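Breakdown of the fold
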Amino acid sequence: MSESYRRLCQDLPPPVGGAVRFPADPKKVKAWVAGLPRANPQAAEQEIARALEGLAGQRLDGGQRFAALEELRPTALEAIVLLESGFSSSSLPLPPDKARAAASAGKFHLDLALGYRQAACELCAPSGSVPFLRGGNVLSALERSAWHYVRALAMAWRVYRPAPAGAWQGLHRLHRFASSLKLERKSVDDRAVGGSHDVHTLYLQALLMASVNPYAFAQSEQDTLWPATRGYAARCNLLDRAPEGIAPGVPEDADRGPGGGSDQTPSAWLDLAPFADDVDRALERVRDGQGQLSPTPGLSVAVGNDLLIRLRRAFGQMAARGLVRLPAGHSLDTVLGLSGLHYLLAGQRDFDTFMRQSAQGTVHVIAGAAWTQGSNSMTRVPRFTARVLDQSLGGYRMAWDSAEQARAKVGELVGLGFGEDGDDTGWMVGVMRWLRYETDGSLSAGVELLSRRSSPVALRAVSADGGSRQVQRAVEVFPIDGTAGRCFVCSASIESGSRVEVIHDTAGYFPEVGAQGPDLLEDVEVLLNAGDYVLLGERLPSPAGDADVAEAREGEPA
């Protein structure tokens, strides 16, 4: 018995005496499927769940199990699609009923993956070799199992939940066993899900998606990345030794994806250079905010400039993970969103008051204790305490006890304060680069630190004839990398090339940037577009060229 076969057969559901029995004969399964109460989707879902459980708890011949699963699988896929329709367009975090639907859909995928893996083990028993005239069933069982493992991971990523227990380990074991039989690259026509698939491509897709951290991308962006990673699976090879450049380690037999810390020595390394190089080339060819990735000849995937920037940042984050991360445990006050951060930085003044008093040249700061006493609705800006799990030079990994209260999204602006002596003017500014809703109801996230100090301002775009647009709130930030020029976080209504007036409290909280007269920036550029807001920078002449300045300012995240 080979080691890869022994591992494939580990941790499968054992036969359970007295378990709910399910007719494993294919003809009886077909009749059972025909009798499902399809007019009652919830009842049908419960019946399918019991059927998968009953099938897993029986000791069967591999061919019998495979045939029964082939009859049961289409109706399970129908149930999954119906469950997905109930939560796919919902806001996050999902309410309890929709979270239950997402969990049920993910469990169906995991149960099917386990069932087909179990069938492959039984088909190849006892030695782990392919039996005579059963090679087609073995190959199909391996392909279907891999497909469902990958879909279970994709379902968790799509709703920003942790990967289901056992999914990664099952996928690693499945690929290694298929490789030992030289079946990993053989395609199977899988009509139930459309198209042909092979174990190796499915495995590489999952590794590539995990490498760029799907928790850092919106759901629509994840949908764009899946076809791209399928193409790059043919070019991003698994290597038996670590190459130079970006290549996360792939664990030998652990229940986790590529990269990350572990006491295991990786058995392989995923070469991401072809993917990363194509992203850089696509950024150089962006036109009208759109670029193209070309994973393979004949395949072109349209991607937005912002997605390309985030992909390049993801590759930078892999390198940054090599930085020393310090354990923490302390707490920080946090405020989410530009409006709330501006309000607190401005001494708990709403924007109208800030503008009136700035124009009059007066500074009025409400005492810290008055934060909960004012009658203005902005005094109810929620602040949440977050625990710092660990930190590096570029940011924090943080956790909030309640994801329902600390509602956030990828790209959300985050104010970070130590909450000392009621001081509301000393907030650091960060951006939420990835987030995950944990099973205990908490929220964990990676927060990139943009600035350790900031100042409330207002911005107004000024036209060439001296006319001006509507004023908007903004925060002036002082980049931690010492980037030259001034930077601001504001709404996305100001475009590159604009002439901008900066309005602030006489000299602001930081006198070195305060102008005694009109404060006018002749030319600005959008350094980062996060959707709801932009990072705006003063454009400075540079011998390196404007494009190099923009790239230098973007920096590498933590």
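Anything mentioned here points back to the structure above.
Structure report, in brief.

Turning our attention to the overall build of the chain. In terms of regular secondary structure, the chain is built from 14 helices and 20 strands. Buried positions account for 51% of the 558 residues belonging to the chain.

One way to put it is that helix α5 (residues 96–123) packs onto helix α6 (residues 135–158) with a least axis distance of 8 Å and a crossing angle of 155°. With respect to each other, α5 and α6 are oriented roughly antiparallel. Here α5 runs over α6; the crossing is left-handed. Contacts between α5 and α6 pair Ala102, Ala105, Gly106, His109, Leu110, Leu112, Ala113, Leu114, Tyr116, Arg117, Ala120 and Leu123 from the former with Asn137, Val138, Ala141, Leu142, Arg144, Ser145, Trp147, His148, Tyr149, Arg151, Ala152 and Met155 from the latter. In terms of residue class, the contact of α5 with α6 is made up of 16 nonpolar, five polar and three charged.

The next thing to look at is the environment of Gln219. In this fold, Gln219 is placed in helix α9 (residues 219–232). Distance in space between the C-alpha atoms of Gln219 and Ser89 is 9.8 Å, their sequence separation being 130 residues. Ignoring anything within four residues of it in the chain, the contact list for Gln219 reads Ser88, Leu92, Arg158 and Tyr160.

All right, on to the side chain of Glu143 then. In this structure, Glu143 sits in helix α6. Accessibility expressed as a relative area gives 0% for Glu143, which makes it buried. Discounting residues that sit within four places of it in the chain, Glu143 has contacts with Val188, Asp190, His197, Val199 and Leu202.

Time to look at the packing of aromatic side chains. Within this structure, the stated rule accounts for eight aromatic pairs. Look at Trp157 and Trp168: their rings are 6.4 Å apart centre to centre, the planes differ by 50°, and that puts the pair in the tilted class. Remark: Trp168 occurs in helix α7 (residues 167–180) and Trp157 occurs in helix α6; sequence separation between them is 11 residues. Accessibility assignment for this pair places Trp157 and Trp168 in one class, buried. When the ring of Phe351 is compared with that of Phe354, the centres are 6.3 Å apart and the planes differ by 15°; the resulting orientation is stacked.

An α-helical turn contains 3.6 residues, so any two residues separated by three or four positions project in the same direction. The end-to-end C-alpha separation of helix α4 (residues 62–87) is 35 Å, in line with the 38 Å expected for 26 residues at 1.5 Å each. For α4, the principal kink sits at Leu72 and spans about 35°; a proline, Pro74, occurs within the next four residues. Near the N-terminus of α4, the side chain that reaches the backbone nitrogen of Gly63, with its oxygen 2.9 Å away, is that of Asp61.

Within the largest apolar cluster, 143 residues are counted, with the highest numbers of intra-cluster contacts made by Phe275 and Trp400. Not counting residues within four places of it along the chain, the set of residues in contact with Phe275 comprises Leu208, Val212, Thr229, Tyr232, Cys236, Leu293, Leu311 and Phe315. Membership of the second largest hydrophobic core comes to 12 residues, among which are Val457, Ile494, Val500 and Val524.

Turning our attention to the sheet that holds strand β3 (residues 238–239). As summarised here, the arrangement of the three strands in space is β3-β5-β4, forming an open sheet in which the pairing is antiparallel. At either margin of the open sheet sits one strand with a lone partner, and together these are β3 and β4 (249–250). Here β4 pairs with strand β5 (residues 268–270) via two bridges, running antiparallel. For Gly249, the partnering residue across the bridge sits in β5 and is Trp269.

The next point concerns the pairing of strand β16 (residues 487–491). Burial analysis of β16 places four of its five residues in the buried class, the great majority of the element. Judged from the four bridges that link them, strand β15 (residues 472–479) and β16 form a sheet pairing that is antiparallel. Bridge pairing links Val477 to Cys487 in β16.

When two helices pack together, their arrangement is captured by the angle between the axes and the distance separating the axes. Following both chains from N to C, one finds α6 and helix α8 (residues 199–211) inclined at 15°, their axes separated by 9 Å at the closest point. On the basis of their axis angle, the class for α6 and α8 is roughly parallel. Seen from above, α6 lies across α8 with left-handed handedness. Contacts between α6 and α8 involve Leu142, Glu143, Ala146, Trp147, Val150, Leu153 and Trp157 on the former and, on the latter, Val199, Leu202, Ala206, Met209 and Ala210. Residue composition of the contact of α6 with α8, grouped by class: 11 nonpolar, no polar and one charged.

Following Leu92, the chain continues to Pro93 via a peptide bond in cis, the omega torsion being 0°. One can find Pro93 in the loop between α4 and α5. Cis geometry marks the peptide bond from Ala125 to Pro126, where omega comes out at 0°. With phi around 60°, Tyr160 is a residue other than glycine that occupies positive phi space. Relative to the helices and strands, Tyr160 is located in the loop between α6 and α7. With relative accessibility at 5%, the residue Tyr160 sits in the buried group. Phi is positive for Lys182, close to 60°, though the residue is something other than glycine.

Our next topic: the pairing of strand β10 (residues 384–392). Note: strand β8 (residues 326–327) against β10, two bridges, orientation antiparallel. Its bridge partner being in β10, Pro327 is matched across the sheet by Asp390. Sheet analysis places strand β9 (residues 331–336) next to β10, joined by four bridges and oriented antiparallel. Bridge pairing in β10 links Asp333 to Thr385.

Turning our attention to the side chain of Gln472. Structurally, Gln472 can be placed in strand β15. A relative accessible area of 11% places Gln472 in the buried class. In this structure the side chain of Gln472 is engaged in a polar contact, spanning 2.6 Å, whose partner is the side chain of Ser493. Excluding its chain neighbours within four sequence positions, the residues that come into contact with Gln472 are Phe351, Val457, Ala458, Leu459, Cys490, Ser491, Ser493 and Ile494.

The next subject is the pattern of salt bridges. The tally for this structure, following the rule as stated, stands at 33 salt bridges. Here Glu3 and Arg7 are joined by a salt bridge, their closest N and O atoms 3.2 Å apart. Highlighted residues: Glu3 and Arg7, both in helix α1 (residues 3–8), separated by four residues, approximately one helical turn. What makes Glu3 partly exposed here is its relative accessible area of 40%. Among the salt bridges present, the one from Arg73 reaches Asp190, with a minimum N-O distance of 2.8 Å. Separated by 117 residues along the polypeptide, Arg73 in helix α4 and Asp190 in the loop between β1 (188–189) and β2 (196–197) bring together distant segments of the chain. The exposure class of Arg73 is buried, given its relative accessible area of 2%.

Rules and cut-offs
- Numbering of residues starts from 1 in every chain and runs along the sequence as written.
- A pLDDT threshold of at least 70 governs which residues receive local features in this predicted model, and a stricter bar of 80 or more applies before side-chain atom pairs are shown or counted, although totals over entire chains, interfaces and linings include all residues.
- Computation of side-chain values covers all heavy atoms of the structure but excludes hydrogens and water.
- Think of it this way: any DSSP run of H or I at least four residues long counts as a helix, any run of E at least two long counts as a strand, and we number them from the N terminus.
- Using a 1.4 Å probe on the protein chains alone, a residue whose accessible area is under 20% of its type maximum counts as buried, one over 50% counts as exposed, and one in between counts as partly exposed.
- Orientation is described by lines fitted to C-alpha atoms, with helices fitted over the stretch in contact, and by angles between N-to-C directions that extend from 0 to 180 degrees.
- Every angle not falling under 35 degrees, over 145, or within 65 to 115 is termed oblique; those three ranges are roughly parallel, roughly antiparallel and roughly perpendicular.
- Should the near helix be turned counterclockwise from the far one by less than a right angle, the crossing is left-handed, whereas a clockwise turn marks it as right-handed.
- A contact between two residues is defined here by any heavy atoms of the two lying within 4.5 Å.
- Amino acid classes used here: Ala, Val, Leu, Ile, Met, Phe, Trp, Tyr, Cys and Pro are nonpolar; Asp, Glu, Lys and Arg are charged; the rest, including Gly, are polar.
- Within 6.5 Å between ring centres, the rings of Phe, Tyr and Trp (the latter by its six-membered ring) count as paired, and their orientation is classed by plane angle as stacked under 30 degrees, edge-to-face over 60, tilted in between.
- Expected helix span is given by 1.5 Å per residue-to-residue step, counting one fewer step than there are residues.
- Two axes enter the bend calculation: one fitted to the seven residues ending at the residue in question, the other to the seven starting there, and the bend is the angle between them.
- Any pair of nitrogen or oxygen atoms within 3.5 Å is treated as a polar contact; in protein, a donor-acceptor pairing is required on top of that, and neighbouring residues in sequence qualify only through side-chain atoms on both sides.
- What we call a nonpolar core is a set of buried Ala, Val, Leu, Ile, Met, Phe, Trp, Tyr and Cys residues that are connected through their side-chain atoms within 4.5 Å.
- A pair of strands is considered paired only if DSSP assigns at least 2 bridges between the two.
- Each salt bridge in this description consists of a side-chain nitrogen of Lys or Arg and a carboxyl oxygen of Asp or Glu lying within 4 Å of one another.

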